[in-house]
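Breakdown of the fold
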Amino acid sequence: MTTLVTGCRGRIGSTLVSLLHRDGHAVRASSRTPEDLAATATALPADVPVVACDLGDPATFGAALDGVDSVFLYADPSGIDAFLSAAEAAGVGHIVLLSSSSVLAPDAQDNPIAASHHAVEQALMASPITTTLLRPGAFASNAYQWAQSVRTHGSVDLPYPNSHTSPIDTTDIAEAAVAVLTYARLQGAAYHLTGPESLTAAEQVGLLAAASGRPITVNTVTGAAWKESVAAFLPEPFADALLAYSAASDGTPAEVTGDTERLTGHPARTFAAWTEEHADAFRP
């Protein structure tokens, strides 16, 4: 049984490859630019085969899927129909999709953050291939967006400091993927993955301050000011969607599920533990 893992330049994909390899499972790593995989956040084992698989380029699908039984798939809708046709022709029996809990929102089809995940989910559910959906919420690693400001100014600008998320460690997501890829009884279902507690943005900054050993000031800013500060790297529709989410969750605790522990077999890692592990990124 061979598993193709797509998106291995990312931390989840690269960690998943290492975990599957460690446990003795046949695994094939793929990326749009496989020559760059040496620079991944988590180095791949030297003896894991690496192939090109660009989810927007059907010409790369055949070789990547040859001899593959299961796939860990990122939610890129651009070539999903062709990918599913190629996967079915190759005899793939199971696909695990890295989706998003944003698809659970009432406006999922109209939300630019949820739209791509929703489109791929719909395509997979219409396919004869057994599909398992992993729907994580906010990543603990989203805190990296504050790192430069913390290092430079010792502060973070937040439009809604009391907005809640239940941040999940990406290692837990990779471990959940191992479980659903290797245990048939877990397959064919949807899982809403969260961290173990709901935290406000300000509380997360406080935990970062404690871990890094330095004070970090929270500056409450307007939505317009925040959008201007992220305009260089975040398109306006996505910024608007994030602002709307933050406004809706302002003062309202985020959902915490038991799905992460159910799949991994241990309590979800805390955001405090994540800050301890990554504190150097927030020090001058």
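Structure: above.
Overview of the structure. What you see is a predicted model; the values in this text were computed from it and never measured. Going along each chain's sequence as written, the residues are numbered from 1 onward. Local features in this predicted model are restricted to residues whose pLDDT is 70 or higher, and side-chain atom pairs enter the listing and the counts only when it is 80 or higher, whereas totals over whole chains, interfaces and linings include all residues. Side-chain metrics rest on all non-hydrogen atoms present in the structure, leaving aside hydrogens and water.

1. A closer look at the overall build of the protein chain
Counting its secondary structure elements, the protein chain contains 11 helices and 11 strands. Computed over the C-alpha atoms, the radius of gyration of the protein chain is 19 Å, within 12% of the 19 Å expected from 2.2 N^0.38 for a compact globule of 284 residues. Across its three principal axes, the protein chain shows a C-alpha extent of roughly 55 × 40 × 35 Å. We call two residues in contact whenever any of their non-hydrogen atoms come within 4.5 Å of each other. Of all intrachain contacts in the protein chain linking residues separated by at least 6 positions in sequence, the fraction that spans at least 24 positions is 73%. Shrake-Rupley sampling with a 1.4 Å probe provides the accessible areas, and residues are treated as covered by the protein chains on show and by no other component. Within the structure as shown, the protein chain displays about 12800 Å² of accessible surface, and the carbon and sulfur contribution to it stands at 52%. Helix and strand definitions follow DSSP, with helices as H or I runs of at least four residues and strands as E runs of at least two, each counted in order from the N terminus. Using C-alpha atoms as the atom set, the radius of gyration is obtained and then compared with a globule rule of 2.2 Å times the number of residues to the power 0.38.

2. Here we look at the environment of alanine 210
Residue placement: alanine 210 occurs in helix α7 (residues 201-212). In sequence terms alanine 210 and valine 50 are 160 residues apart; their C-alpha atoms lie 40 Å from each other.

3. Some remarks on the packing of aromatic side chains
Pairs of aromatic rings are described using the distance from one ring centre to the other and the angle between the two planes. Any pair of Phe, Tyr and Trp rings, taking the six-membered ring for Trp, is counted once the centres come within 6.5 Å. Such a pair is stacked with planes under 30 degrees apart, edge-to-face with planes over 60 apart, and tilted for the rest. Tallying each qualifying case throughout the model produces six aromatic pairs. Aromatic pair phenylalanine 61 and phenylalanine 83: ring centres 5.1 Å apart, planes at 80°, arrangement edge-to-face. With phenylalanine 61 in helix α2 (residues 61-65) and phenylalanine 83 in helix α3 (residues 80-90), this pair connects stretches of sequence that are 22 residues apart. Both residues of the pair, phenylalanine 61 and phenylalanine 83, count as buried. Exposure categories follow from relative accessible area, calculated using a 1.4 Å probe and restricted to protein chains: below 20% of the type maximum is buried, above 50% is exposed, and the middle band is partly exposed.

4. Some details on the nonpolar core
Core analysis: the biggest nonpolar cluster contains 29 residues, and Val5, Leu16, Val17, Phe72, Leu134, Leu193 and Leu263 have the highest contact counts within it. Going through the elements one at a time, α1 (11-22), β2 (26-31), β5 (94-98), α6 (170-182) and β9 (190-193) are the ones with two or more residues in this core. Of the residues forming this core, the biggest block, eight residues, is contributed by α6. Other than its neighbours up to four places away in sequence, leucine 263 contacts Leu134, Ala176, Ala179, Val180, Leu186, Tyr191 and Leu193. Side-chain atoms within 4.5 Å link the members of a nonpolar core, which is a set of buried Ala, Val, Leu, Ile, Met, Phe, Trp, Tyr and Cys residues.

5. A short note on the environment of glycine 258
Considering the arrangement of structural elements, one finds glycine 258 in the loop between α9 (236-248) and α10 (259-264). On the basis of relative accessible area, glycine 258 is assigned to the partly exposed category, the value being 47%. As a C-alpha pair, glycine 258 and proline 196 span 62 residues in sequence and 8.2 Å in three-dimensional space.

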